Amino acid sequence: MKRRGLLHKMKLRVLIILVLFIQMLGSQQTFFVLHVNGEEVISTEPKIMITSPETGALVSETNLTISGVIENISTVVSIIIYDGTEQLGTTSEVIENNWTIPLTLSEGVHTLTAKTVVDGVEISSNLIKVTIDSTLPNVSFIKPLNGAYLNSKSLEGTSEPGAIVESCMDCSEDSDGQIIGTWMTTLADSLGKWDYQDAQLTEGSHTVYAKATDRAGNIGNVTKITFTLDTLRPIVLPEISPKQDMTQVALNPTIRVKILDATALDESDEIINKSITVSQNGTKVDGTHSYNSVTKEITFTPSAPLRPNSKYNVVINPLGIIDLAGNNAFPRAWSFTTIAITSETHQNPHGSYDNNVNTCGNCHNTHQAKDSNLLSPKSAGDSDQQEGLAADNYCMACHDGTVAPMPENRLNVHTHNAAVKIDGKPSGSSCASCHNPHLDWSENNPNLAQDHITYKHLPSNPVDPIKPTEEISSKEQLCESCHETNSGEKIADPAVNYRVFQYNKSSEATGIYEDYDLCLRCHNADFKKKFDKTTDIASYYDNLTEEIKKQYEEVNGPLSFSKREISTEEKDFSRHIIKAQDGSPLAGHIPCAECHDTHGSNNIKLLKSKIGTENPTSFDIQSGEWDADKERVFCLTCHNGKTAIFGIVGTQIFDEITGKSVNPGIPEHDSTKPCSECHSDKNSYIEAAHAPKKGKRN
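Owing to the predicted nature of the structure, the values given are computational and were not obtained by experimental measurement.

What exactly am I supposed to notice about the overall build of the protein chain here?
The secondary structure content of the protein chain amounts to 13 helices and 41 strands. Counting every position in the protein chain, which comprises 698 residues, the buried fraction comes to 40%. Intrachain contacts of the protein chain at a sequence separation of at least 6 include 57% that bridge at least 24 residues. Surface summary for the protein chain: the accessible area is close to 39500 Å², and the carbon and sulfur share equals 52%.

Put into structure tokens, the structure is as follows:
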């Protein structure tokens, strides 16, 4: 009982102290929550609060109503709104503790508080910040400008940060000025930049309308511009001069290229002077450039005569051919060789047999020669070619870079040392396998490539079982084998067709079998069966022939074969049947020269050290057996998403950063399997390289 009494006394004392403390504070009241024996004892104070707008509000109207409430205040003399220390508005009307004050605010940020006086003491509300933005947002175009060209399907511009920008492409205006069409929206970033992309936008002239709605809700006026979409890159037409691999070029040539582009080119000297680069053995040739805007022809004239008997490389620099839309040209590269001996009487690099009957004696010795070709006696040890190719000494005696140019890449590790006669039989010379040293030079055959004649025999009556009835080529059987006494007369017959074996490249190749028959005359199934020395490549090219091209153009017109789209059947036959995008006439099989060096290479299989005409990729496999790893490295030299040939970028297979497949749905790309396992019907790397198939899933 005694302890309970003491507890009551303690409670009483606490209450007395609380009352005295409140009296000491007077009108400066505050909330207290006191727990006494588990029960709350609450004390209140007068309050004023702004409830609308919320702090941070962005308002488009300058006329604004401030709303609020009061608590624990029985009588209000007035409520005043301050912007900082400036008095803006006042009211004394309070209805059920709610009050409002209309204001007219200027543009910008305002810091607002509400104040009132209770029992002679001023009390203040919470502080809010309000931004007044009644300015209509503008839309400006950065790319393109009005009336200008655009080289991508993305428009860029500026507006207020955070604004919603609406674009209406190729819409129309009705008589009331209303825009008829579909509006697409995008959001301006924190710097006010925005971009609008339309993947379906077509080449040509367009009109676009744009307007913006800022964060305050202001809707700006419509901006309208017109522009021309041109995403097509200028192309260098195949009619280049000097021609690709041309020889006997004069020492004062003019290098010419003609450009095809729907848009005018940038004619400034700063740009055009970068367009054509000519070099010899790595040394740049000085010269002057000129551009004819009517014919769109660019010429380069060397400042001094070129060196005789020298090979020059020509490179078209994309940064030197740029149209007004900003598209740069496709690159192109080729080479030519200057004349060795200046002569007005002949153009035969091996001498004029008419003017000098002893020309034959330079290589042949009638009485002392030991072989059937009457070549002067020389040992194979004098040659850097393999045993049995001693006849090549006669070529190299002049083609050592002094009297005549040395074959490119001849001194590399791996060389093309095949030795085959025109009829397919083994020969003592690898040079003569592809070149005929007895031919006269011509523009159509500047490198003296092997030639042959064909003739289709008509059936005889009565039938002669010995006489052939099919087309006969001198590469299979010489005419002299049957027509020894009158072969000259027979060859002169108009029905006899004279042909040069072709080794066409980017400027000439259409992609048919005959474009590469200098290589395919040996790399075919028959030759492999007879001599077991070469691989069969011809079977991967025989679906497109000169006869097929001729038939197509008889129906569709001249040059239509190169302009056609690649058919599904052709793609199924080979994924390396492509249509060039860089102006080359190719619409068929990729030329041999895109992957192989002609005379030699430091890589196995005579593979080039760099593959690709744009963003070329280095390739280095100098030795060892061809295996899955080498095959994958070779394929990925092009299939990396950046290297291009004929203007076509190879499909990206792997991500450069992660090293993983860019298509997780193809787990084989992350394995060590050879590409040919999925991209060849016969699991053959030769087929996968020359005529790959669409990937097959096991």
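Looking at this model, I keep getting lost on the packing of aromatic side chains. Mind explaining?
Here a ring pair, both rings aromatic, is described through the centre-centre distance and the interplanar angle of the planes. For the structure shown, the criterion picks out 7 aromatic pairs. An aromatic cluster of three or more residues is present, and its members are F619, W626, F634 and Y685. Its end group placed over the ring of F330, R233 keeps NZ or CZ at 4.1 Å from the ring centre. Taking the ring centre of F573 as reference, the NZ or CZ of K693 above it sits at 5.9 Å.

Honestly, the nonpolar core in this entry has me stumped. Any pointers?
Side chains that are nonpolar tend, in soluble globular proteins, to be buried together. With 24 residues, the main nonpolar core has I255, V257, I276, V278, I298, I321 and F336 as its most contacted residues. Those residues in contact with F336 that lie beyond four places of it in its chain are P242, K243, M246, V249, I255, L306, S310, K311, Y312 and V314. Counting residues in hydrophobic clusters, the runner-up holds 22 residues, among them L64, I79, L103 and L105.

Would you mind showing me how to read the pattern of salt bridges here?
Side chains bearing opposite charge may pair, as long as their charged atoms lie close to each other. Tallied over the entire structure, the rule returns 11 salt bridges. With its nearest N and O atoms 2.8 Å apart, the salt bridge here joins R564 to E570. For the pair shown, R564 and E570 are each scored as buried.

Looking at this structure, how should I read the state of the cysteines?
Chemically, a disulfide is nothing more than a covalent bond linking the sulfur atoms of two cysteines. A complete count under the given rule lists 1 disulfide for this structure. There is a disulfide in this structure between C168 and C171, and the S-S distance comes to 1.7 Å. Since a negative S-S torsion denotes a left-handed disulfide, the C168-C171 link at about -85 degrees is left-handed. Considered together, C168 and C171 belong to a single accessibility category, that of buried residues. Cysteine C434 shares no disulfide, and the gap to the nearest cysteine sulfur, in C522, comes to 6.9 Å. By relative accessible area, C522 is classed as buried at 11%.

Where do I start with helix α11 (residues 628-636) in this structure?
At 3.6 residues per turn, the α-helix brings residues three or four places apart onto the same side. Within α11, the full set of buried residues consists of K630, E631, R632, F634 and C635. The backbone nitrogen of D629 has a side-chain oxygen 3.3 Å away, supplied by the residue at the start of α11, namely D627.

I tried to follow the sheet that holds strand β14 (residues 154-158) on my own but got confused; where do I start?
The pairing of strands in a sheet comes from backbone hydrogen bonds and takes either a parallel or an antiparallel form. The 3 strands lie next to each other as β12-β14-β19, forming an open sheet whose pairing is antiparallel. Unpaired on one side and paired on the other, β12 (140-143) and β19 (193-197) mark the two borders of the sheet. When the angles between neighbouring strand axes are averaged without regard to direction, this sheet yields 35 degrees.

I tried to follow the sheet that holds strand β18 (residues 184-187) on my own but got confused; where do I start?
Strand order in the open sheet formed by 5 strands is β13-β21-β20-β15-β18, and the pairing between neighbours is mixed. This sheet does not close on itself; its edge strands, each paired only once, are β13 (149-150) and β18. Across 6 bridges, the pairing between strand β15 (residues 164-169) and strand β20 (residues 204-213) is antiparallel. Paired with I164 across the two strands is T213, which belongs to β20.

Rules used throughout
Residues numbered from 1 in each chain as written. Predicted model: local features only at pLDDT ≥ 70, side-chain atom pairs only at ≥ 80, totals over all residues. Heavy atoms only, no water. Helix = DSSP H or I, 4+ residues; strand = E, 2+ residues; numbered from the N terminus. Buried < 20%, exposed > 50% of the residue type's maximum accessible area, 1.4 Å probe, protein only. Contact = heavy atoms within 4.5 Å. Areas by Shrake-Rupley, 256 points an atom, 1.4 Å probe, with all protein chains shown as cover. Phe/Tyr/Trp six-rings, centres within 6.5 Å; stacked < 30°, edge-to-face > 60°. Lys NZ or Arg CZ within 6 Å of the ring centre and 35° of its normal. Core = buried A, V, L, I, M, F, W, Y, C linked by side-chain atoms within 4.5 Å. Salt bridge = Lys/Arg side-chain N within 4 Å of Asp/Glu carboxyl O. Disulfide = S-S within 2.5 Å. Polar contact = N/O pair within 3.5 Å; in protein donor to acceptor, adjacent residues only side chain to side chain. Pairing = 2+ DSSP bridges. Axes fitted to C-alpha atoms, helices over the stretch in contact; angles between N-to-C directions.

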